[in-house]
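# Working through the structure, step by step
Below are the chains, spelled out letter by letter.
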Amino acid sequence: MPTHPLPSRVLLILLVVLTALGEISTQLIIPSLGTLEMDLLASPGSGVLALAVFVGAFGVGQLILGPLSDRIGRRPVLLGGLSLYLLATTGMLLASSMETFIAARLLQGLGACAALVLARAIVRDVWQAQAAPALALTVIGMLCAIVVSPMLGGFLASRGGWQLPVFAALLVGLGALLAVLTIYKESNQALDPQAGQLRGLLGNYLDLLKGRSCRVLALALLFTYGAMFAVIAGSSSVYIGLLGLSSAEYGLTFGFIVSGLIGGALLTRRMILQVGPERLVAIGVGFVAVGAVATLAIYKLLGLSVLGLSLPQVLVTFGGGMVLPAAVAGAVMPNAHRAGLAAGLMGFAQMLGATCSGLLLSVMQDGTAWPMVLLHVLFALSAFFVFHALRRPRRAGMQVAHEQP
């Protein structure tokens, strides 16, 4: 077992920040999307497109950067990604049109994805067979950032417009880069000179997907995050534009909704070694489906209201808090020799779900909450039925918990 020169607690704090960087970059600006569109003289809904472009780049980049780090090491890929993130975020601050902002946002997604996929691979490098609880803990940290960031973003937007939340994201990225330069040493002790080569990359991913468990977990993550992202991307216009909340009130409301993520992730971290990833994902997609159907029923029967929209969403986020860490751990844990590849695949699946959801939402915008609610329930039910239709029978959830790397 390679010995890492850092105390695990110090390293884990850094990995939590890196895991959260992409979500921080998104959640901080969501309360100010309307202001952004007005200031840049952009059409309504173009702010949602900026979110979708980010997650698209965030997902595709992981397919390349994860295996590249298996080949040349985690540290150079991580430093390059964080540097690109800082340059792109600066470009967003200087943008004078929505087209420029979206282009910079795309590059920001490419830079931020390095932080997520490398953090997950580093966890597998350092904690090895005991990586599952550590992976879950990094996700819990990310989910805490999701809870806090909309509140902070709403507060900052009320004080300094959309630029102040973007500047806050720049500061977080700068702190992460300085921390990596200062305290992180290379953790990949078994570089693979064949990894990351474009000729064999597709074959490597296809080989990874030959395992039914990996396919099922990736699809569950894809549809679950797609369901969540429909609300993430659409809630600003609904709560602020239709229900009349201020940016600060919206941030508090959204923080309450996503607080369920932390509860689900804490339960997952406590139970994952005993129960196994697949069984936890099975429970999680059930919560997501029930919450989404309840949201639809309340909307159709009682109309749109803050409580009617928010309360069932806590069930969704609680289930999502189980699915996200359990699915990632279930894919990365059995693949110690290609942890970057496995982490890249799961990150891509998560962001593909968000990209599809965000693009559909931007096209379907009609000035009501219906497109958001409809997409939300369709993705949630897809997560539930696809997972249970393809899931391996008989104690499949226990397999990864007992596999040796």
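Residues numbered from 1 in each chain as written. Predicted model: local features only at pLDDT ≥ 70, side-chain atom pairs only at ≥ 80, totals over all residues. Heavy atoms only, no water.

Within an unreviewed UniProt entry, the label attached to the protein chain reads MFS transporter, and the organism entered is Aquipseudomonas guryensis. Word for word, the UniProt comment on the protein chain under Subcellular location (unreviewed entry) is "Membrane". (UniProt positions renumbered as here; feature names shortened; annotations may be inferred.)

## What to know about the packing of aromatic side chains
Under the defined criterion, the tally for this structure stands at 9 aromatic pairs. Ring geometry for Phe101 versus Trp162: centroids 5.6 Å apart, planes at 90°, classification edge-to-face. One end of the pair, Phe101, is in helix α5 (residues 98–127); the other, Trp162, is in the loop between α6 (131–160) and α7 (163–183), with 61 residues separating them in the sequence. We classify Phe101 as buried; its relative accessible area is 1%. Using a relative accessible area of 3% as the deciding quantity, one classes Trp162 as buried. By way of ring pairs, the aromatic residues Tyr239, Tyr250 and Phe254 are connected into one cluster. Over the ring of Phe54 we find Arg105, and its NZ or CZ is 3.9 Å from the ring centre. Over the aromatic face of Trp370 sits the side chain of Lys300, whose NZ or CZ is 4.7 Å from the ring centroid. (Phe/Tyr/Trp six-rings, centres within 6.5 Å; stacked < 30°, edge-to-face > 60°. Helix = DSSP H or I, 4+ residues; strand = E, 2+ residues; numbered from the N terminus. Buried < 20%, exposed > 50% of the residue type's maximum accessible area, 1.4 Å probe, protein only. Lys NZ or Arg CZ within 6 Å of the ring centre and 35° of its normal.)

## Describing empty space enclosed by the protein
Scanning the entire structure with this criterion turns up 5 cavities of 30 Å³ or more. Counted as a void, the largest cavity has a volume near 100 Å³. What lines the largest cavity is a set of 15 residues, among which Gly22, Glu23, Phe58, Tyr225 and Met351 lie closest to the centre. Broken down by secondary-structure element, the contributors of at least two residues to the lining of the largest cavity are α1 (8–27), α3 (46–72), α9 (212–242) and α13 (339–364). Looking at which element gives the most residues to the lining of the largest cavity, the answer is α1, with 5 residues. Looking at which domains feed residues into the lining of the largest cavity, each of domain 1 (1–185) and domain 2 (208–391) supplies at least three. (1 Å grid on protein atoms, 1.4 Å probe; cavity = no way out; pocket = protein on both sides within 12 Å on 5 of 7 lines; lining within 4 Å. Points joined across faces, edges and corners; volume = space filled by probe spheres on them. Domains from an automatic or database assignment.)

## A few points about the pattern of salt bridges
For side chains bearing opposite charge, pairing can occur when the charged atoms are close. Evaluation of the coordinates by the stated rule reveals 3 salt bridges. Put simply, Arg74 and Asp70 hold a salt bridge, and the shortest N to O gap is 2.6 Å. Accessibility expressed as a relative area gives 2% for Arg74, which makes it buried. With relative accessibility at 6%, the residue Asp70 sits in the buried group. A single salt-bridge network, built from bridges that share partners, covers Asp70, Arg74 and Asp125. (Salt bridge = Lys/Arg side-chain N within 4 Å of Asp/Glu carboxyl O.)

## So, the layout of surface pockets
When its volume is computed, the largest pocket comes out at roughly 290 Å³. As for the largest pocket, its lining consists of 16 residues, of which Leu33, Gly34, Glu37, Ser236 and Ser237 are closest to the centre. Elements supplying a minimum of two residues to the lining of the largest pocket: α2 (33–39) and α9. Here the lining of the largest pocket is composed, by residue class, of 7 nonpolar, 8 polar and 1 charged. (Nonpolar A, V, L, I, M, F, W, Y, C, P; charged D, E, K, R; others polar.)

## So, the nonpolar core
Residues Leu18, Leu82, Phe101, Trp127 and Val281 are the most contacted members of the largest nonpolar core, which totals 135 residues. By residue number, the principal contributor to this core is α9, which donates 17 residues. Both domains that furnish three or more residues to this core are identified here as domain 1 (1–185) and domain 2 (208–391). When residues no more than four places from it in sequence are discounted, the contact partners of Val281 are Leu217, Ala220, Val323, Ala326, Ala327 and Phe387. (Core = buried A, V, L, I, M, F, W, Y, C linked by side-chain atoms within 4.5 Å. Contact = heavy atoms within 4.5 Å.)

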